[in-house]
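Each chain, written out:
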Amino acid sequence: MSPITSLCVYCGSSRGVNPDFIPLARELGRELATRNIRLVYGGGRVGLMGACADGVMAHGGRVFGVIPQHLQDREVGHSGISELKVVDNMHTRKRMMFDHSDAFCVLPGGLGTLEEFFEVVTWRQLGMHDKPIIVLNAGGYWDNLVGMIDRIVDDGFAQPSVRQYFSVVNSIGRLFDLLAAPAETQEPDFPDRI
Ligand code: AMP
């Protein structure tokens, strides 16, 4: 796999209650800037989304945000990023984020984050792409998600191969290790905690 140049980050438009998550999102942003990897995200200035974008911008990196017009009020389009695209609807947003990214990372978040995660995983299940999808299981936040997917497989509603479509890591360091590794050596790695 060639080194990635753009990473799409899906995460909460809220801050959540765990005080570790905002610094984690900022730290991921800083690491992206340091590695000259562009952040692709939903364009908001609030919650973990905003913290990640701020982390990139504070360290001289590049951020491409995509936000639908109707969410400009709720998620507040980030005016301080390299490029903010305002699009007509959610479908265009998600497609544009997908097209501009080489890989996907999932930080803690809510239903929107889950929806985005499942969309790229199910697109991979359908053979529509083979871009890496990595869940950053900070504080065990995504343990129940991984457990539910195991249950789905165990109960015969998905093939065991779905477990190969995404990885679960316990740290930002492991995330970048995995992104740097050739695809064939990328062992699914879960459930881990930070
Ligand atoms: P949340 O995790 O709910 O805070 O949302 C994180 C991001 O996912 C926000 O930018 C939402 O706009 C976005 N999102 C994407 N798809 C959806 C959807 N179908 N419903 C709600 N939010 C969504």
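Look up a bit, the structure's there.
Quick caveat: nothing in here was measured; it's all calculated off a predicted structure. (Residues numbered from 1 in each chain as written. Predicted model: local features only at pLDDT ≥ 70, side-chain atom pairs only at ≥ 80, totals over all residues. Heavy atoms only, no water.)

Caption draft 1: Spotlight on the overall build of the chain. In terms of regular secondary structure, the chain is built from 7 helices and 7 strands. When the elements of the chain are put in sequence order from the N terminus, they spell out β-α-β-α-β-α-β-α-β-α-β-α-β-α. By the compact-globule yardstick of 16 Å for 194 residues, the chain fits well, its C-alpha radius of gyration being 16 Å. Referenced to the eigenvectors of the C-alpha coordinate spread, the extents of the chain come out at roughly 45 × 35 × 30 Å. Sorting the 194 residues of the chain into buried and exposed places 51% on the buried side. Taking the contacts inside the chain whose residues are at least 6 apart along the sequence as the reference set, 70% of them involve residues at least 24 apart. Carbon together with sulfur atoms contributes 50% to the accessible area of the chain, which is approximately 9,300 Å² in total. Charge separation in the chain, taken as the distance between the mean sites of 18 positive and 23 negative side-chain charges, equals 5 Å. (Helix = DSSP H or I, 4+ residues; strand = E, 2+ residues; numbered from the N terminus. Rg over C-alpha atoms; globule rule 2.2 N^0.38 Å. Buried < 20%, exposed > 50% of the residue type's maximum accessible area, 1.4 Å probe, protein only. Contact = heavy atoms within 4.5 Å. Areas by Shrake-Rupley, 256 points an atom, 1.4 Å probe, with all protein chains shown as cover. Lys, Arg positive; Asp, Glu negative; His and termini not counted. Charge placed at Lys NZ, Arg CZ, Asp CG, Glu CD.)

Caption draft 2: Here's a closer look at helix 2 (residues 47-58). With 12 residues, helix 2 extends 16 Å between its outermost C-alpha atoms, agreeing within 8% with the 16 Å of an ideal straight helix rising 1.5 Å per residue. Of all the 12 residues making up helix 2, 9 are buried; the element is thus mostly covered by neighbouring parts of the structure. For helix 2, the secondary structure elements touched by its buried residues are strand 1 (6-10), helix 1 (21-34), strand 2 (38-41), strand 3 (63-68), helix 3 (72-76) and helix 4 (90-99). Phi turns positive one or two residues past the end of helix 2, at Gly60, with a value near 75°. (Expected span 1.5 Å × (residues − 1).)

Caption draft 3: Quick look at the nonpolar core. Counting residues in each nonpolar core, the largest one holds 34 residues, and the members touching the most others are Leu7, Val9, Leu28, Leu32, Leu39, Leu107 and Leu175. Listing elements by their share of this core, those giving two or more residues are strand 1, helix 1, strand 2, helix 2, strand 5 (103-106), strand 6 (133-136) and helix 7 (172-180). When residues of this core are assigned to their parent elements, the largest contribution, 7 residues, is made by helix 1. For Leu32, the contacting residues outside a window of four places in its chain are Leu7, Val9, Ile37, Leu39, Val56 and Phe176. Core analysis: the next-biggest nonpolar cluster, separate from the first, contains 27 residues, Val66, Val121, Val146 and Val153 among them. (Core = buried A, V, L, I, M, F, W, Y, C linked by side-chain atoms within 4.5 Å.)

Caption draft 4: Fine view of the pairing of strand 5. Burial along strand 5 is two-sided: Ala103 and Cys105 facing one way and Phe104 and Val106 facing the other are all buried. Where strand 5 and strand 6 come together, 3 bridges link them in parallel fashion. Paired with Phe104 across the strands is Ile133, a residue of strand 6. Assessed by its sense of winding, the connection that carries the chain from strand 5 through helix 5 (residues 111-125) to strand 6 is right-handed. (Pairing = 2+ DSSP bridges. Right-handed = clockwise from strand over helix to strand, strands pointing away.)

From the geometry alone we can't say anything about function, so treat these as descriptive.
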